[in-house]
Amino acid sequence: MSHLTNILWKEVKELLTGQMIASMLIMVVFFVIFGSVMGNVQEEAISGKTSIALLDLDGSEESQRLTEMVGSQGNIALTVVSAHGVEEALKLAEGYDSNALLVLPEGFGEKIENMDNADVEVYAIVRGLGIMDTMSSTQAQVAISIINNILAQEYVKKAYPDKEPQSVLNPIVPKNFIFIKGAINEGSPEAIASLLMGQSILVPVILMIAIMFAGQMVITSMGMEKENKTLETLLTMPVSRGTIILGKIGGATVVAFIMSIVYLAGFGYYMYSLTPSNSISMPALSMGVIDYALLGISLFLAILVALSLSMLLGVYSQDTKSAQTMILPVTILVMIPFFLLMFSDYTTMPSALLAVMFAIPFSHPMIASRALLFGDYNIVIAGIIYMTLFSAILWLITVRVFRSDRVITAKLSLRRRR
Amino acid sequence: MIAISVEGLEKNFGGVKAVDGASFSVSAGEIFGLIGPNGAGKSTTLRIVSTLLQPSNGSVNVFGHDVVKEASEVRKLISYLPEDAGAYKNLKGIEYLNFMAEFFAKNREEREQMVKRAVELSALGERLNDKISTYSKGMMRKILVARALMIKPKLAILDEPTGGLDVLNAREVRDTVKRFAKEGTTFLLSSHNMLEVDFLCDRIALIDRGRIVETGKPAELKEKYKAANIEDVFVEVIS
């Protein structure tokens, strides 16, 4: 066994404890359960009927006719309630599990007949503050839209008996196309935005998970060495500092890789559960083998930078407890481009912000995940070169620190500074 | 043959002078003790000899190799046991010994021989198959001493080798040190247990505020200062 393999083996044994394996499994189970539950709730919200109660205080022929027409719509489950007032009607509606109560006031029918604006009171019944709860309450507006549409069609029919009401109400029917990467694709800009969001959010999430785990592993490993006072012994072994660093980073990478794969499998299932079955695909926005290879290199280099940075920060940890907080600067550097790119694109960012983002090495795989979709290879290759240089410089600094007293005395100097 | 040669050694930590012009030499096969109170510069000196820290001034040679310029050569000859050292808690005792032996052994046979020696030295028996996190302080020190000596180093550097041990365990460690010294290993150790040093060391150096204030054989020093023990010698020298 070489010295490198020996250190690598020790690192994996030290880091991959029973507790860690258990916590990994718990997280995966959580993702699977949460994904299944959320998927079912979303499916119900999309495909299920809107449950609405209606109180007709007008009692006119017109109001009854409209009530029947609303009730005959396939996506509405209408319950007509009889009550003396709104409060009583609301209690009844709540009992029927309705999401909203529509109240047709007195004089409603007359106003409709005269083609005047008629009021309809809409009471959204909110049972919780969850996204799904409020979403179902807003669906009461669907019923209003349906009533408006029915009445508008009737008015048009009266005015233009020989015309199709829909062609008068919506004279223009748009047919959406998207011109991207030199090819024309059928689809709306909204659909492409959601597709891009789905594709470009995955890389930052993978990167965040991998960097946080790998970085935490390296820093924890250093913290454990310092806490258990094993680092001093290890540094007096007949093995080069470079081998020790490589072994520690390698061991942490193996453990982080296992953790990332397990977590991502869980996260992937969770995301899959939330993806609607009718989502679109666009061949022009798919990546080829070279694109994936470039993205892989970019991701690998970003992780390498994170590991080297974590190793450097780990030198300043005193024990496993202090090591937990040492990962914060790395996490912040990942979060900045993550949020910046979530709300804007690098092509439209102000120069100062763009400079900050380009300076952060972790931005580049996130940028690459978008740039590759649009065939912008220059920015991807530039990012790869930048990260290679960045990690090489970090590596040299880390080896230098390990060859100096600082690896032993870093704690001392920190204390003095306080 | 000179095992360790320290000349005008100085070590500064910012404005603090931890070692201030220390000079001494240790012959091969000798048990040499650095004696002094807490913060006197014992551990810093041992760390410099162990290649962990670099001297601010002066020179340190181990069997003719400079600890700064030829650190990798020095590391092949030494075995260092830090004060209050621990071991990798998630490894089993036997895994830890194998891990450490791997750095020195040229082949599998040699590694097995080293581990076998450590198993005998530690006398932990079946407990070596348990995780180190379950070990008591005495057991931990035993496995660490065994680790330090299993490679039969030319120079063993032990910082407070019996620190925190009970009488019986401390005695076992002292006996082991004596036995290995007879077999040719040179020892540089530190202690603030003056009675232990009196019993164990061939020669000692008294260190105070980073300076070597006296060097000699325990018996000669006691005679020189007409003292009953090394503790009295130390008090006499310091005053």
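The next thing to look at is the sheet that holds strand S4 (residues 121-124) of chain A. Residues and elements named next belong to chain A. The mixed open sheet is built from four strands, whose spatial order is S2-S1-S3-S4. Edge positions in the sheet fall to strand S2 (76-81) and S4, since each of these pairs with one other strand and no more. Across the sheet, the mean angle separating the axes of adjacent strands is 25° when strand polarity is ignored. In this structure, strand S3 (residues 100-104) lies alongside S4, joined through four bridges in antiparallel fashion. Counted as the bridge partner of Leu102 is Val122 from S4. Across the sheet, helix H3 (residues 61-71) is in contact with strand S1 (50-56), S2 and S3; its angle to S2 comes to roughly 145°.

Here we come to the interface of chain B and chain A. Counting residues at the interface gives 29 residues for chain B, matched by 28 residues for chain A. Summed over both sides, the interface of chain B with chain A buries roughly 2900 Å², with 58% coming from carbon and sulfur. Remark: the boundary between chain B and chain A carries three salt bridges. Across the pair Lys13 of chain A and Glu95 of chain B runs a salt bridge whose closest N-O atoms are separated by 2.9 Å. There are 13 residue pairs in polar contact (both at pLDDT 80 or more) connecting chain B and chain A. It is helix H3 (residues 93-102) of chain B that provides the largest number of residues to the side of chain B that touches chain A, a total of four residues. Classifying every residue of the side of chain B that touches chain A by side-chain character gives 13 nonpolar, six polar and 10 charged.

Below, the discussion takes up the confidence of the model for chain B. Residue and element names in this part refer to chain B. The predicted model of chain B has a mean per-residue pLDDT of 92, with 100% of residues at 70 or higher. Ranking the elements of chain B by mean pLDDT puts helix H7 (residues 194-200) last with 85 and strand S5 (residues 65-66) first with 96. Listed scores for the predicted complex are pTM 0.74 and ipTM 0.93.

This next bit is on the pattern of salt bridges. The full count for this structure, using the stated rule, is 22 salt bridges over all chains. Notably, a salt bridge pairs Asp405 of chain A with Lys11 of chain B, separated by 2.2 Å at the nearest N-O pair. Of the two residues, Asp405 of chain A is situated in the loop between helix H17 (377-403) and helix H18 (406-417) and Lys11 of chain B in strand S1 (residues 2-13); the pairing between them involves two chains. Overall, Lys11 of chain B belongs to the buried group, its relative accessible area being 5%. Residues Asp20 of chain B and Lys17 of chain B are paired through a salt bridge, measuring 4.0 Å at the closest nitrogen-oxygen approach.

As a further point, take the nonpolar core. Residues Phe362 and Phe402 of chain A together with Tyr96, Phe103, Leu155, Phe187 and Leu188 of chain B are the most contacted members of the largest nonpolar core, which totals 163 residues. Of the residues forming this core, the biggest block, 14 residues, is contributed by helix H9 (residues 189-227) of chain A. With near-sequence residues (within four places) excluded, Phe402 of chain A lies in contact with Met222, Leu235, Arg241, Ile244, Ile245, Met311, Val315 and Val407 of chain A. Grouped together as the second largest cluster of nonpolar side chains are 15 residues, Leu54, Phe108, Ile144 and Ile146 of chain A included.

What follows concerns a negative patch on the surface. Taken together, Glu61, Glu110, Glu113 and Asp116 of chain A make up a surface patch of like negative charges. Glu61 of chain A sits in the exposed class, given a relative accessible area of 71%.

Further remarks concern the environment of Ile336 of chain A. Tracing the backbone through its elements, the reader meets Ile336 of chain A in helix H14 (residues 328-343). When the C-alpha atoms of Ile336 of chain A and Gly250 of chain A are compared, they prove to be 27 Å apart, with 86 residues separating the residues in sequence.

A few words on a nonpolar patch on the surface. Residues and elements named next belong to chain A. A contiguous nonpolar patch, built from Ile290, Tyr377, Ile381, Ile385, Leu389, Ile393 and Ile397 and spanning about 660 Å² of accessible area, is present on the exposed surface. Residue position: Ile393 is located in helix H17. Under the relative-accessibility criterion, Ile393 is labelled exposed at 51%.

A few words on H3 of chain A. Residue and element names in this part refer to chain A. What H3 keeps buried is the set Glu62, Ser63, Leu66, Thr67 and Val70. Buried residues along H3 cover an arc of 135° about the axis, so they all sit on one side. For H3, exposure combined with an orientation more than 90 degrees from the buried face picks out Glu61 and Glu68. Packing partners of the buried residues in H3 comprise S1, S2, S3, helix H5 (108-113) and helix H7 (140-159).

It is common to give the size of an interface as the accessible area lost on bringing the parts into contact. Along its sequence, chain A is carved into domain 1 (3-40 + 189-409) and domain 2 (49-173). Relative placement of domain 1 of chain A and domain 2 of chain A: their C-alpha centres are 52 Å apart.

Conventions we followed
- Residue numbers here run from 1 along each chain, matching the order of that chain's written sequence.
- Chain letters start at A and ligand numbers start at 1, both assigned in the order the entries are written.
- The predicted origin of the model limits local features to residues at a pLDDT of at least 70 and limits the giving and counting of side-chain atom pairs to 80 or more, whereas totals for whole chains, interfaces and linings rest on all residues.
- The basis for every side-chain value is the complete set of non-hydrogen atoms in the structure, without hydrogens or water.
- When DSSP finds two or more bridges between a pair of strands, those strands are recorded as paired.
- Helix and strand assignments follow DSSP, with helices taken as H or I runs no shorter than four residues and strands as E runs no shorter than two, numbered in order from the N terminus.
- To obtain an axis, a line is fitted to C-alpha atoms, over the contacting stretch when the element is a helix, and the angle between two such axes runs from 0 to 180 degrees between their N-to-C directions.
- Contacts are residue-level and defined by heavy atoms, with any inter-residue pair within 4.5 Å sufficient.
- Buried area is understood as the total, over both parts, of accessible area removed when two parts are fitted together, assessed with a 1.4 Å probe.
- Salt bridge criterion: a side-chain nitrogen from Lys or Arg within 4 Å of a carboxyl oxygen from Asp or Glu.
- N or O atoms closer than or at 3.5 Å make up a polar contact, with two conditions inside protein: a donor-capable atom paired with an acceptor-capable one, and, for residues adjacent in sequence, both atoms drawn from side chains.
- Three categories are distinguished: nonpolar for Ala, Val, Leu, Ile, Met, Phe, Trp, Tyr, Cys and Pro, charged for Asp, Glu, Lys and Arg, and polar for the others, with Gly belonging to the last.
- The predictor reports its confidence for every residue as pLDDT, a score running from 0 up to 100.
- Three labels apply to residues, based on accessible area from a 1.4 Å probe with only protein chains included: buried if under 20% of the type maximum, exposed if over 50%, partly exposed otherwise in between.
- As used here, the term nonpolar core means buried Ala, Val, Leu, Ile, Met, Phe, Trp, Tyr and Cys residues forming a set that is joined through side-chain atoms within 4.5 Å.
- Think of a patch as exposed residues, more than 30% relative accessible area, with no salt bridge, where like charges cluster within 9 Å and nonpolar side chains (Val, Leu, Ile, Met, Phe, Trp, Tyr) cluster within 5 Å.
- What sets the accessible areas is the Shrake-Rupley method with a 1.4 Å probe; for residues, cover comes only from the shown protein chains.
- Here the positive residues are Lys and Arg and the negative ones are Asp and Glu; neither His nor the chain ends is included.
- For charged residues, the charge sits on one atom: NZ in Lys, CZ in Arg, CG in Asp, CD in Glu.
- Starting at the helix axis, one direction is taken to each C-beta atom, and the arc is that of these directions.
- Residue ranges labeled as domains rest on an automatic or database domain assignment.

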